[in-house]
Amino acid sequence: ALSAVRKALDSDDLPGAKLALVQHFRRRQRPRWICDLRNQQKGAMPHIWPPEFGGAADVSIEIAEKALKNHLVLSPGLDLKFGPRLDWVTEDTRSLAVPGNAFKCCHFVRHLAQAWTATGDGRYAAKFAQLLERWHEDWPFELDDEFTGASMIFSHRTGDKSMPAGQRLFNWLSCLYTGIPFAEEVPAETAFRFIKSIWFTGAAYLHFKNSPYHPHNHHIMRT
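How each quantity is defined
- In this convention, every chain numbers its residues from 1, walking through the sequence in written order.
- Reporting of local features is limited, given that this is a predicted model, to residues whose pLDDT is at least 70; pairs of side-chain atoms are given and counted only at 80 or more, and all residues count toward the totals for whole chains, interfaces and linings.
- In computing side-chain properties, one takes all heavy atoms of the structure into account and sets aside hydrogens as well as water.
- Elements are defined by DSSP. Helices are runs of H or I of four residues or more, strands are runs of E of two residues or more, and each kind is numbered from the N terminus.
- The cut-offs for exposure are 20% and 50% of the maximum accessible area for each residue type, with area from a 1.4 Å probe on protein chains only; residues under the lower value are buried, those over the upper are exposed, and the others partly exposed.
- The pairing criterion for strands is at least two bridges between them, as found by DSSP.
- Polar contact is the term for a pair of N or O atoms within 3.5 Å; when the atoms are in protein, one must be able to donate a hydrogen and the other to accept it, and sequence-neighboring residues count only if both atoms are side-chain atoms.
- Residue contacts are counted whenever heavy atoms from the two residues lie within 4.5 Å of one another.
- Only the contacting stretch of a helix is used when fitting its axis, a line to C-alpha atoms as for every element, and angles between N-to-C directions run 0 to 180 degrees.
- What sets the label is the angle itself: under 35 degrees gives roughly parallel, over 145 gives roughly antiparallel, 65 to 115 gives roughly perpendicular, and the rest give oblique.
- The sense of a crossing depends on the near helix, which, turned anticlockwise from the far helix by less than a right angle, makes the crossing left-handed and, turned clockwise, makes it right-handed.
- The set of buried Ala, Val, Leu, Ile, Met, Phe, Trp, Tyr and Cys residues whose side-chain atoms join them within 4.5 Å is what this entry labels a nonpolar core.
- When a carboxyl oxygen of Asp or Glu is within 4 Å of a side-chain nitrogen of Lys or Arg, the pair counts as a salt bridge.

Some details on unusual backbone geometry
- Here R30 and P31 are connected by a cis peptide whose omega angle stands at -5°.
- By the secondary structure assignment, P31 is in the loop between α2 (14–27) and α3 (57–67).
- Put simply, V98 and P99 share a cis peptide bond, and its omega is 10°.
- Mapped onto the elements, P99 comes out in the loop between β2 (78–81) and α4 (100–104).
- The backbone phi angle of N70 is positive, close to 60°, even though this residue is not glycine.
- Residue classification places N70 among the buried residues on the basis of a relative accessible area of 3%.

Pasting the structure below:
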């Protein structure tokens, strides 16, 4: 199924290989996803966690409309306005507590995906692309040199730790299931970096395999 990727790599065509990988995810049939709304299929968009936040499309559309103005709803009753330049690297967003934790969950991109799925409005897909491009530039996933899995903190510099990063993965997987990364408004390079980041961030949780935390500790529940 990945032969087109290998063929492009063997020809030293890295952009072509990235595009082929994105197309693979757009078309792949196995493994079966929890939800599959690719190619603008319609249907309910379940979310792994938390299922009670923004289940209805009208709620997501309202939140997505705010996101178009860089007014990001982090959780019910908690939202931040980042202005026209998207100035979202602040002391608060780098925090290892609230609102930093809620910010790094990235609920707002899932709401953009659900709004796009419900309406087909290209503005939501374009904003999804912009936010993801900026996210990978401003908030790259990284591990502290001393990180071993004995601590829940991935990076002190960005304030990223296991629980919000795990929530972000759930939100990003929900976006993948909607098909928004394959919308015409989303460049292939952006979609590739999005898929790659899901893989790379998820791989970091292997560090917790021998973690001293017990299985029900809520900070590593997403492992």
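Observations concerning the pairing of β2
- With 4 bridges joining them, strand β1 (residues 71–75) and β2 adopt antiparallel strand pairing. Pairing of S75 across the sheet is with L78, part of β2.

Points about the environment of V109
- Inspection of the secondary structure puts V109 in helix α5 (residues 107–119).
- V109 sits 74 residues away from A183 along the chain, and the two C-alpha atoms are 14 Å apart.

A word on the pairing of β1
- Across the 5 residues that make up β1, a large majority, 4, are buried.
- Between β1 and β2, which pair antiparallel and follow one another directly, the connecting turn spans 2 residues, one of which, G77, has a positive phi of 85°.

Describing the side chain of T190
- Relative to the elements of secondary structure, T190 occurs in helix α8 (residues 188–204).
- A distance of 2.6 Å separates a polar atom in the side chain of T190 from a polar atom in the side chain of E133.
- Once residues within four sequence positions are removed from consideration, T190 is found in contact with A129, L132 and E133.

Focus: the packing of α2 against α8
- Between α2 and α8, the least distance of the axes is 9 Å, while the angle of their chain directions is 70°. Between α2 and α8, the interaxial angle falls into the category roughly perpendicular. Crossing of α2 against α8: the hand is left-handed. Of α8, the residues touching α2 (which contributes K18, L19, L21, V22 and F25) are A188, E189, A191, F192 and I195.

Some remarks on the nonpolar core
- In terms of nonpolar packing, the biggest core is built from 56 residues, with W88, F108 and V109 touching the most fellow members.
- Among the elements that line this core, the one with the most residues is helix α6 (residues 122–138), at 7 residues.
- Not counting residues within four places of it along the chain, the set of residues in contact with V109 comprises F128, L131, L132, W172 and C175.

Re the pattern of salt bridges
- Tallying each qualifying case throughout the model produces 10 salt bridges.
- Linking D138 and R134 is a salt bridge whose minimum nitrogen-to-oxygen distance equals 2.8 Å. Of this pair, D138 and R134 are both found in helix α6, 4 residues apart, which corresponds to roughly one turn of the helix.
- Note on D138: relative accessible area 23%, which makes it partly exposed.
- Assessed through its relative accessible area of 24%, R134 is described here as partly exposed.
- The network of salt bridges with common partners includes E65, D121 and R123.

Quick look at the environment of V186
- Along the polypeptide, V186 turns up in the loop between α7 (162–178) and α8.
- By relative accessible area, V186 is classed as buried at 7%.
- Sequence-wise, V186 and F128 are 58 residues apart; in three dimensions their C-alpha atoms are separated by 7.7 Å.
- For V186, the contacting residues outside a window of four places in its chain are A125, F128, A129, I180, P181 and A191.

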